[in-house]
Amino acid sequence: VQLQASGGGLVQAGGSLRLSCALSGRTFRSYGMGWFRQAPGKEREFVAVIRSGGDTYYLESVKGRFTISRDNAKNTVYLQMNSLKPEDTAVYYCAADGGLILSTVRYASAYDYWGQGTQVTVSS
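Just so you know, these numbers come straight off a predicted model, no measurement behind them. (Residues numbered from 1 in each chain as written. Predicted model: local features only at pLDDT ≥ 70, side-chain atom pairs only at ≥ 80, totals over all residues. Heavy atoms only, no water.)

**So, the packing of aromatic side chains**
Link 1 in the chain: In the structure shown here, the tally under the stated rule is 5 aromatic pairs.
Link 2 in the chain: When the ring of Phe36 is compared with that of Tyr111, the centres are 5.2 Å apart and the planes differ by 80°; the resulting orientation is edge-to-face. Within this pair, whereas Phe36 is found in strand 4 (residues 32–38), its partner Tyr111 is found in the loop between strand 9 (90–97) and strand 10 (113–114), the two being separated by 75 residues in sequence. Just as Phe36 is buried, Tyr111 falls in that class too.
Link 3 in the chain: One aromatic cluster is present, formed by Phe36, Phe46, Tyr111 and Trp114 through successive ring pairs.
Link 4 in the chain: If you follow Arg44 out to its NZ or CZ, it ends over the ring of Trp114, 4.9 Å from the centre.
Link 5 in the chain: Positioned above the aromatic ring of Phe28 is the side chain of Arg70, whose terminal nitrogen or guanidinium carbon lies 4.5 Å from the ring centre. (Phe/Tyr/Trp six-rings, centres within 6.5 Å; stacked < 30°, edge-to-face > 60°. Helix = DSSP H or I, 4+ residues; strand = E, 2+ residues; numbered from the N terminus. Buried < 20%, exposed > 50% of the residue type's maximum accessible area, 1.4 Å probe, protein only. Lys NZ or Arg CZ within 6 Å of the ring centre and 35° of its normal.)

If you want it as structure tokens, here you go:
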């Protein structure tokens, strides 16, 4: 399985970005797809997940601002980020796993496959 993330960049506070992550090598529709982020000096943090059945879960601080979605025909998961804040600045990683259990979706260790990361910088 290979994951290719894209869409990061520099944006002003209040702006929007859409991240994409394409999966290749396996049947996309059977995988749960997550987004994590890591800011300098901090641990990697769960942001959002969409499981193979379409249910979604979010980090509390991004609820109402971020939306995760998937297009099974394009083997791609998206993270639409609106009303961005400087504290959203981080490297964003997509991750995939074929057997995500609800109780573990927020833990990085639950995911077998990771993309390379894309930088998101929000200026104040």
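Don't stop here, the text continues.
**Here we look at the side chain of Asp97**
Link 1 in the chain: Within the secondary structure, Asp97 sits in strand 9.
Link 2 in the chain: For the buried Asp97, no salt bridge exists, and the shortest N-O distance to an oppositely charged side chain is 9.4 Å, to Arg51.
Link 3 in the chain: Of the polar contacts made by the side chain of Asp97, one reaches the backbone nitrogen of Gly99; its length is 2.8 Å.
Link 4 in the chain: Side-chain polar atoms of Asp97 contact the backbone nitrogen of Asp112, separated by 3.3 Å.
Link 5 in the chain: Filtering out sequence-adjacent residues up to four positions away, Asp97 remains in contact with Tyr31, Gly32, Ala110, Tyr111 and Asp112. (Lys, Arg positive; Asp, Glu negative; His and termini not counted. Salt bridge = Lys/Arg side-chain N within 4 Å of Asp/Glu carboxyl O. Polar contact = N/O pair within 3.5 Å; in protein donor to acceptor, adjacent residues only side chain to side chain. Contact = heavy atoms within 4.5 Å.)

**Quick notes on the state of the cysteines**
Link 1 in the chain: Inspection of the entire model under this criterion finds 1 disulfide.
Link 2 in the chain: Across the disulfide, Cys21 is cross-linked to Cys94 (sulfur-sulfur distance 2.1 Å). Every disulfide takes its handedness from the sign of the S-S torsion; for Cys21 and Cys94 that torsion is 60°, giving right-handed. Of this pair, Cys21 sits in strand 3 (residues 17–24) while Cys94 sits in strand 9, and the two are 73 residues apart along the sequence. Like Cys94, Cys21 is buried. (Disulfide = S-S within 2.5 Å.)

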